[in-house]
Amino acid sequence: MKRTKFVIGNWKMNGLKSSMNIYEGVNKHMLSNKKSSDLNVVICPPFTLINLFSSKKTSKIMIGAQDTHEKESGAYTGSISSQMLSDLGAGYVIIGHSERRQYFGENVKLLADKIIAAQKADLKVIFCIGELKNEIKNRKSVLRKQLKSLPKKLNYKNIIIAYEPVWAIGTGLIPSFDEINSIHLSIRDILKYDLKFSKNVSILYGGSVNPKNASNILSLENVDGALVGGASLNSKDFSNIIDYYT
Ligand code: PEP
């Protein structure tokens, strides 16, 4: 079985109703491409735009959220549950992004609970892992630890791993292409041998992906797509990245 390819945009805390034009630009570009492709394109806008984007008919883009709450419902003022996200038309959710770990203190127990809640609501989970700059030397053990924090009972078909070196996010820096390829292979080995995952789990690279470096990154044997931050806010740049697969 072939591994599924993904290009996923993470808009972070950006986007107003008027940003529909970015979404429309990417969608138009995809609709105009006659070649068939098994690529999955997902945009994860802020919560406030999920309904607007998912209501769009004739769309080739799937919608995801950037976070979810670990509980199904209840007295958690200001929070959004996975069931609510599903109800709005989201099919995916990012969990474990380094900005959530760093700025919101999200720990491994909380992340595991969020993953369970998301899967219960039929959301596919984009689980982010990655080392800090001062952890590069111990990268493999850092990544193993993060992967081992995944909950035991998982529907592996509905999980995507995004390797995002924290020092590469929004900085313009990236590991060398050879390094990216070999890190992805290590991640696949950890998934297969330590966690008994299927070998078909998609492993995406994230961190300063742009139209210039995308074809080098996406052509690496062990890379199954990209999680894109900054460049996903520009429909031309994001479309250029998607074009590698179509
Ligand atoms: C991200 O935040 O997931 C990300 C990859 O950001 P950027 O592409 O801007 O580095």
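Since this is a predicted model, take the numbers as computed values, not measurements.

Observations regarding the pattern of salt bridges
Logical step 1: For the structure on display, the rule yields 15 salt bridges.
Logical step 2: Its salt-bridge partner being Lys56, residue Glu24 comes within 3.2 Å of it at the nearest N-O pair. One end of the pair, Glu24, is in helix α1 (residues 20-32); the other, Lys56, is in the loop between α2 (47-54) and β3 (61-65), and 32 residues separate them in sequence.
Logical step 3: A salt bridge links Arg139 to Glu131; the nearest nitrogen and oxygen atoms lie 3.1 Å apart. With respect to class, Arg139 is no different from Glu131; both count as buried.

A word on the nonpolar core
Logical step 1: Core analysis: the biggest nonpolar cluster contains 59 residues, and Leu147, Leu150, Ile161, Ile187 and Leu191 have the highest contact counts within it.
Logical step 2: Beyond its immediate chain neighbours, meaning those up to four positions away, Leu150 contacts Ile115, Phe127, Ile159, Ile161, Leu195 and Phe197.
Logical step 3: Grouped together as the second largest cluster of nonpolar side chains are twelve residues, Ile8, Cys44, Cys128 and Ile160 included.

A word on the pairing of β3
Logical step 1: Burial analysis of β3 places four of its five residues in the buried class, the great majority of the element.
Logical step 2: Pairing of strand β2 (residues 40-44) with β3, which is carried by three bridges, proceeds in the parallel orientation. Residue pairing in the sheet places Val42 in a bridge with Met62 of β3.
Logical step 3: Here β3 pairs with strand β4 (residues 92-95) via two bridges, running parallel. Bridge pairing in β4 links Ala65 to Val93.
Logical step 4: Handedness of the β3-helix α3 (residues 82-88)-β4 crossover: right-handed.

Structural notes on the packing of helix α6 (residues 139-148) against helix α7 (residues 177-194)
Logical step 1: α7 packs onto α6 with a crossing angle of 40° between their chain directions and a minimal axis gap of 10 Å. As far as their axial angle goes, α7 and α6 are oblique. Note on packing geometry: the crossing formed by α6 with α7 is right-handed. Along the contact surface, α6 presents Arg139, Lys140, Leu143, Arg144, Leu147 and Lys148, while α7 presents Glu179, Ile183, Ser186, Ile187, Ile190, Leu191 and Asp194.

What counts as what
Residues numbered from 1 in each chain as written. Predicted model: local features only at pLDDT ≥ 70, side-chain atom pairs only at ≥ 80, totals over all residues. Heavy atoms only, no water. Salt bridge = Lys/Arg side-chain N within 4 Å of Asp/Glu carboxyl O. Helix = DSSP H or I, 4+ residues; strand = E, 2+ residues; numbered from the N terminus. Buried < 20%, exposed > 50% of the residue type's maximum accessible area, 1.4 Å probe, protein only. Core = buried A, V, L, I, M, F, W, Y, C linked by side-chain atoms within 4.5 Å. Contact = heavy atoms within 4.5 Å. Pairing = 2+ DSSP bridges. Right-handed = clockwise from strand over helix to strand, strands pointing away. Axes fitted to C-alpha atoms, helices over the stretch in contact; angles between N-to-C directions. Parallel < 35°, antiparallel > 145°, perpendicular 65-115°, else oblique. Left-handed = near helix turned anticlockwise from the far one by under 90°.

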